[in-house]
Amino acid sequence: MSASTVEPASKVELPASVGGGGEIPTFDITLRVRRYNPEVSEESHWDEYQLTMYGTDRVLDALHKVKWELDGSLSFRRSCAHGVCGSDAMRINGRNRLACKTLLKDLDTSKPITVEPIKGLPVEKDLIVDMEPFFQSYREIMPFLISKGHAPTKERLQSAEDRERFDDTTKCILCAACTSSCPVFWTDGQYFGPAAIVNAHRFIFDSRDDAGDMRLEILNDKEGVWRCRTVFNCTEACPRGIQVTKAISEVKQAILARQF
Amino acid sequence: MQVHKYDVVIVGAGGAGMRAAIESGQRARTAVLTKLYPTRSHTGAAQGGMCAALANVEEDNWEWHTFDTVKGGDYLVDQDAAEVMAKEAIDAVLDLEKMGLPFNRTPEGRIDQRRFGGHTRDHGKAPVRRACYAADRTGHMILQTLYQNCVKHNVEFYNEYYVLDLLIVEEDAVREDGTAYKQKRVAGVVSYDLASGELHVFQAKAVIFATGGAGKVFKTTSNAHTLTGDGMGIAFRRGIPLEDMEFFQFHPTGLAGLGILLSEAARGEGAILRNSEGERFMERYAPTIKDLAPRDIVARSMANEVREGRGAGPNKDYVLLDLTHLEPAHIDAKLPDITEFARTYLGVEPYTEPVPVYPTAHYAMGGVPTNIKGEVLQDNDTIIPGLYAAGEVACVSVHGSNRLGTNSLLDINVFGKRSGINAAEYAKTADYVELPENPANETIALLDSVRNASGTERIASIRADLQETMDTNMQVFRTADSIAKALSDIEALRERYRNISIQDKGKRFNLDLLEAVELGFLLDLAQVMTVAALHRKESRGGHYREDFPNRDDANWMKHTMLYKDDAAETEGIKGLRFGTKPVAFTRYEPMERKY
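Residues numbered from 1 in each chain as written. Chains lettered and ligands numbered in written order. Predicted model: local features only at pLDDT ≥ 70, side-chain atom pairs only at ≥ 80, totals over all residues.

## Quick word on the packing of helix 2 (residues 132-140) of chain A against helix 5 (residues 194-204) of chain A
Residue and element names in this part refer to chain A. Across the interface, helix 2 lies against helix 5 with an axial gap of 8 Å and an inter-helix angle of 25°. Between helix 2 and helix 5, the angle falls in the class roughly parallel. Handedness of the helix 2/helix 5 crossing: right-handed. Listed contacts from helix 5 to Phe-134, Ser-137, Tyr-138 and Glu-140 of helix 2 are Ala-195, Ala-196 and Asn-199. Looking at side-chain class alone, the contact of helix 2 with helix 5 contains four nonpolar, two polar and one charged residues. (Axes fitted to C-alpha atoms, helices over the stretch in contact; angles between N-to-C directions. Helix = DSSP H or I, 4+ residues; strand = E, 2+ residues; numbered from the N terminus. Parallel < 35°, antiparallel > 145°, perpendicular 65-115°, else oblique. Left-handed = near helix turned anticlockwise from the far one by under 90°. Contact = placed C-beta atoms within 7 Å. Nonpolar A, V, L, I, M, F, W, Y, C, P; charged D, E, K, R; others polar.)

## Details of the sheet that holds strand 13 (residues 319-322) of chain B
Residue and element names in this part refer to chain B. Spatial ordering of the open sheet is given by 11-14-13-12, a layout of four strands whose pairing is antiparallel. Bordering the open sheet on either side are strand 11 (248-255) and strand 12 (272-274), each of which pairs with just one other strand. Across the sheet, the axes of successive neighbouring strands diverge by a mean angle of 45°, strand direction being ignored. Sheet topology places strand 11 next to strand 14 (residues 355-364); six bridges connect them, and they run antiparallel. Note on strand 14: the bridge partner recorded for Gly-254 is Tyr-358. (Pairing = 2+ DSSP bridges.)

## Some points on the sheet that holds strand 3 (residues 89-92) of chain A
Through backbone hydrogen bonds, the strands of a sheet pair up, either in parallel or in antiparallel fashion. Residue and element names in this part refer to chain A. As summarised here, the arrangement of the five strands in space is 2-1-5-3-4, forming an open sheet in which the pairing is mixed. Bordering the open sheet on either side are strand 2 (45-54) and strand 4 (95-98), each of which pairs with just one other strand. Within this sheet the neighbouring strands show an average axis-to-axis angle of 35°, counted without direction. Inspection of the sheet shows strand 3 paired to strand 5 (residues 113-116) by two bridges, in the antiparallel sense. By the bridge assignment for strand 5, Arg-91 is matched with Glu-116.

## A closer look at unusual backbone geometry
A negative phi holds for most residues other than glycine; trans holds for most peptide bonds. Of the consecutive residues B:Val396 and B:Ser397, the connecting peptide bond is found in the cis state with omega at 10°. Considering the arrangement of structural elements, one finds B:Ser397 in the loop between strand 18 (394-395) and helix 11 (407-429). Phi angles above zero are rare outside glycine, and A:Asn93 is one such case at about 50°. Of note, A:Asn93 is situated in the loop between strand 3 and strand 4. Although it is not a glycine, B:Thr406 sits at a positive phi angle of roughly 80°.

## Points about the pairing of strand 7 (residues 161-174) of chain B
Along any regular strand, the residues point their side chains to alternate faces of the sheet. Residue and element names in this part refer to chain B. The pairing of strand 7 with strand 8 (residues 180-193) spans 13 bridges and is classified as antiparallel. Paired with Ala-173 across the strands is Tyr-181, a residue of strand 8. The turn joining strand 7 and strand 8, which pair antiparallel and follow one another in sequence, is formed by five residues; a positive phi near 95° is taken by Gly-178.

## Comments concerning the domain arrangement of chain A
Residue and element names in this part refer to chain A. Domain annotation of chain A identifies domain 1 (26-129) and domain 2 (132-144 + 160-258). With centres defined by C-alpha atoms, the gap from domain 1 to domain 2 works out at 28 Å. With four residues, the single largest contributor to the side of domain 1 that touches domain 2 is strand 4. Here the residues of the side of domain 1 that touches domain 2 are counted per class, giving six nonpolar, four polar and four charged. (Domains from an automatic or database assignment.)

## What to know about the environment of B:Ala271
All names here are of chain B. Within the element layout of this structure, Ala-271 appears in the loop between helix 6 (265-268) and strand 12. As a C-alpha pair, Ala-271 and Tyr-37 span 234 residues in sequence and 35 Å in three-dimensional space. When sequence neighbours within four positions are dropped, the list of residues in contact with Ala-271 reads Ala-266, Leu-321, Asp-322, Leu-323 and Leu-326.

## So, the interface of chain A and chain B
The extent of an interface is frequently quoted as the accessible surface area lost upon association of the parts. In this assembly, 53 residues from chain A lie in contact with 61 residues from chain B. Listed by contribution, the elements that provide at least two residues to the side of chain A that touches chain B are helix 1 (59-70), strand 6 (123-125) and helix 3 (160-165) of chain A. Within the side of chain A that touches chain B, the residues separate by chemical class into 22 nonpolar, 17 polar and 14 charged.

Pasting the structure below:
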């Protein structure tokens, strides 16, 4: 596809709506956060905070307001703050989301907003979980291009269609929102989980890769794709909009097609 | 306190750190220390592309790329370094493709390329398609691909280890001309394990700093919360100069009020900027390449439109990025992420409505001085054996006073690779430098001073005031008065910083403690940036002085070098020594910069 061919006008009439609605509205919320610090107590508890927030604020802004103005000990991970680094997956009103991508105004602010750590991974402190089991599963599916034969001097050729085949699963930011929303993973921590399968999919369906069979064999394991019960929690949880369940079923079909 | 021993220690796991690790890890025993998880690094937020003169879609060559880089940097670029980068760009892109990076493709199956600001055909004649890309998440793909290859090569990561000190020893040495000097040598680093609160000393023959930028000195920024300039701050405190810190890039198209980046690729794909009158104002400021002028020029033009009353919105404080003439299918194919940002964070539909944008603090052109091998300089002529830096923390200088779009993704790949190879090769023949006695003592003292402080000031309040004054006084338009105001504000904030307290006194995941330490780095760096800006009495690239609106090659064609030196004073600030470093010229004479 080429860039726009028509040169845009030097001057246009702007619609009256441009410019938005003036002052950003404020509103009050109650934030309920599950707290846990084993240095203090083995039991977790809920803390509630009353906050005045702006219409453009996200759950991450509310957490920052608590940490920066009320209670510096509240602990959570975050970095980019716009949904690309994957640090701040958490359970918000019972659903896995990124705190930096969840606008407060899109939640029901008449009731307390609950924030908990993602499930199925050991909680370290407050909203921080141990990510190591998650990354261990990721590493086991060999998440890197394996290509046989000599590398060409220039780039390998790949058609736009072949490139498109695995586009969806390249979007993964390894935030663990999918894996930690999966009821199978909650009860069986050995299960590879959706994120690892998504990342296997990214290579299995890459025309440049030659190790698809090895990955399919790994995922044919008893803790592999067959544990998936197509609950679709993962697809709903993915902040990148990846069709996670679809990717898993494509991997299942690929295994069946190869008849191990 | 534990002590570890490696041949090479890499600090930071963004693009530069991991590109270095892939090389170093295959040649020498290597550890990567990162304060995040590797895939959280801000390389992943880069969007538009990585330039290399592959000439896959139209005629191009590395010499044109070199010229554009030099001109884009307003001739403060070290031309030998720019040439290395533009030449090695081609292999850097091919390396990534071979590692598995899913670039967008041409109909022939080659890596596709698109336009980007300041990248031109034949020395400025017209925009050229030079940026290799993967939709508008090129940085994400680079970060993922490099991490994947680190997994492949079993690179050893220490995740959530904050490096807080660089261990340097000084030896008496004599220069060729007979003068005595102190030669710095690197012995290792001291790091803080976030999970346990324990200190770990890493002894290493070679250390590579790849810690990224310091955008959090500003309020409106595209940078992550974690970009607090730790690497620059640590080096500076250890007597290593910082180069060209007055040059900070403001990316033209941040989401208004939020600073979230909307890639220049939007304009590369045909989007344009309009003011409140609906006028495509860049036609007035850069008649030839218009909206694809380099970032400093576009950012200033936008700020000028707002200043002259042609800003849009209820407060007339932003301009508009117009994509409405582009086909929705084209937008979805090439710019899916950034249009989603506009929908998510501003509730604007880019198919049908222009998007409110304003310049956002984006990139430090300056940093720790290095040569083209990635070796860190302790002064203009002396390297520190075994110490390397690459990426935004470093100043090679390939970006001069204004970086071109896509050249940072290129910089991290080219100079990350060079640093990784050179550090590993150095480690093969070098001996360990003996650790100083009680190597963690200064770090312990730093942490204790914060942990035990019982003042009344909150970290967040000081940081917010710092960011406010930097946005107000050190943004795209600067004057002696505005800079002096920022400097006096920073001095007052440094005073307040002596009176802080934190609330979290525990050992586990104490981010309260680390935010306080990070603020210390930000305050140091803001001071250096501001003093350098006050000192440079000309306008060049990203540094625009309204009281000195012209470039002044006779007096200022030179790099700024600021040293921490208790005996010195610069611009009324005690403890700073000012120096300069010549710009390296090879083939391009400075010309007036017009687009």
